[in-house]
Amino acid sequence: GISPNPITFVCILKACAGSGLINVCKRMHLWVIWSGFLAKHIVLGTALVDMYVKCSMMDDAEEVFHRLTERNVVTWSALIGGYARLGLGDIALKYFRLMKDEGNTPNVVTFTCALKACGSIGDIEKGRQIHDEIVNRGLLVEHVMLGNALVDMYAKCGRLKKAHQVFEDLHIRDVVSWTSLIAGYVEQGKDYEALDCFAL
């Protein structure tokens, strides 16, 4: 007989996202609406968008997103990331642009998703613009995830020389950094270069 609070709902929505059970997701969405919490707690709206994104239900994610009276960078990033993950880079970049037009500042996750979107559709010009913005904000120094995303984006756009240069300039490298560069060479048919990277 104890009623769930907003944090309970957030946890349950995460569980729904992990389950991938569409009927359960829809039922929980209705329950959140009936609770009356949705209009007052932005974290619930974001959790709903994220739940639908993780279930690849992008129409539902967009519908929730557009009905929200308030959105933050996490809400935007969830939607952008969903489209980027599905290879729908044009739509992801459309929302990235809209986010900035509405005066929201992208964070590390948003930039990473936008770079993934650029790589998926080969939009090197937009990728370069985002790269410049990341550098101007000094984000590469501390965030290896962004450096890895840049290497991956340039490699997927066929700019292996630039991908290698970004890799060399990284302040921090991890296994993902190396794998992004090696995978880039492999995808472009540069097998010997990939083997050379691995041997380093």
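Data block above holds the structure.
Residues numbered from 1 in each chain as written. Predicted model: local features only at pLDDT ≥ 70, side-chain atom pairs only at ≥ 80, totals over all residues. Heavy atoms only, no water.

### Some remarks on the pattern of salt bridges
Inference 1: Inspection of every chain in the model, using the stated rule, returns eight salt bridges.
Inference 2: Close ionic contact of Asp-60 with Lys-26 constitutes a salt bridge, the shortest N to O distance being 2.4 Å. One end of the pair, Asp-60, is in helix α4 (residues 58-67); the other, Lys-26, is in helix α2 (residues 22-35), and 34 residues separate them in sequence.
Inference 3: A relative accessible area of 18% places Asp-60 in the buried class.
Inference 4: Residue classification places Lys-26 among the partly exposed positions, given a relative accessible area of 35%. (Salt bridge = Lys/Arg side-chain N within 4 Å of Asp/Glu carboxyl O. Helix = DSSP H or I, 4+ residues; strand = E, 2+ residues; numbered from the N terminus. Buried < 20%, exposed > 50% of the residue type's maximum accessible area, 1.4 Å probe, protein only.)

### Quick look at the packing of α2 against helix α3 (residues 42-54)
Inference 1: Interhelical geometry of α2 versus α3 gives an angle of 170 degrees and a closest axis separation of 11 Å. In terms of orientation, α2 and α3 fall into the roughly antiparallel class. Here Cys-25, Lys-26, His-29 and Val-32 of α2 lie close against α3, whose contacting residues are Leu-44, Leu-48, Met-51 and Tyr-52. (Axes fitted to C-alpha atoms, helices over the stretch in contact; angles between N-to-C directions. Parallel < 35°, antiparallel > 145°, perpendicular 65-115°, else oblique. Contact = heavy atoms within 4.5 Å.)

### With respect to helix α10 (residues 160-169)
Inference 1: Restricting attention to buried positions, one finds in α10 the residues Leu-160, Ala-163, Val-166 and Phe-167. The buried residues of α10 occupy one face: seen down the axis, they fall within an arc of 120 degrees. Pointing more than 90 degrees away from the buried face of α10 are the exposed residues Lys-161 and Asp-169.
Inference 2: Those residues of α10 that are buried lie in contact with α8 (124-136), α9 (144-156) and α11 (175-187). (Arc of directions from axis to C-beta.)

### As for helix α6 (residues 89-101)
Inference 1: The end-to-end C-alpha distance of α6, which contains 13 residues, comes to 18 Å, matching closely the 18 Å that a straight helix rising 1.5 Å per residue would cover.
Inference 2: Taken together, the buried positions of α6 are Gly-89, Ala-92, Leu-93, Tyr-95, Phe-96 and Met-99. Relative to the axis of α6, the buried residues are bounded by an arc of 160 degrees and lie together on one face. Structural note: α6 exposes Asp-90 and Asp-101 on the side pointing more than 90 degrees away from its buried face.
Inference 3: Of the surrounding secondary structure, the elements contacted by the buried residues of α6 are α4, α5 (73-85), α7 (108-121) and α8.
Inference 4: Just downstream of α6 lies Gly-103, where phi reads positive at about 90 degrees. (Expected span 1.5 Å × (residues − 1).)

### A closer look at unusual backbone geometry
Inference 1: The phi angle at Ser-56 is positive, at roughly 60 degrees, despite the residue not being glycine.
Inference 2: Take Ser-56: it is sitting in the loop between α3 and α4.

### Quick notes on a nonpolar patch on the surface
Inference 1: Taken together, the side chains of Leu-30, Trp-31, Ile-33 and Trp-34 define a hydrophobic patch exposed on the protein surface, amounting to about 480 Å² of accessible area.
Inference 2: A relative accessible area of 44% means that Trp-31 is categorised as partly exposed. (Patch = residues over 30% accessible without salt bridge, like charges linked within 9 Å, V, L, I, M, F, W, Y side chains within 5 Å. Areas by Shrake-Rupley, 256 points an atom, 1.4 Å probe, with all protein chains shown as cover.)

### Points about the nonpolar core
Inference 1: Membership of the largest hydrophobic core comes to 62 residues, with the highest contact counts inside it found for Val-49 and Ile-130.
Inference 2: Once you skip the residues sitting within four places of it in the chain, Val-49 turns out to touch Ala-61, Val-64, Phe-65, Leu-68, Thr-75, Ala-78 and Leu-79. (Core = buried A, V, L, I, M, F, W, Y, C linked by side-chain atoms within 4.5 Å.)

### Some remarks on the side chain of Ser-77
Inference 1: Position of Ser-77 relative to the elements: it lies in helix α5.
Inference 2: For Ser-77, a relative accessible area of 6% gives the class buried.
Inference 3: Side-chain polar atoms of Ser-77 contact the side chain of Thr-110, separated by 2.5 Å.
Inference 4: What Ser-77 contacts, discounting residues up to four positions off in sequence, is Asn-107, Val-109, Thr-110 and Cys-113. (Polar contact = N/O pair within 3.5 Å; in protein donor to acceptor, adjacent residues only side chain to side chain.)

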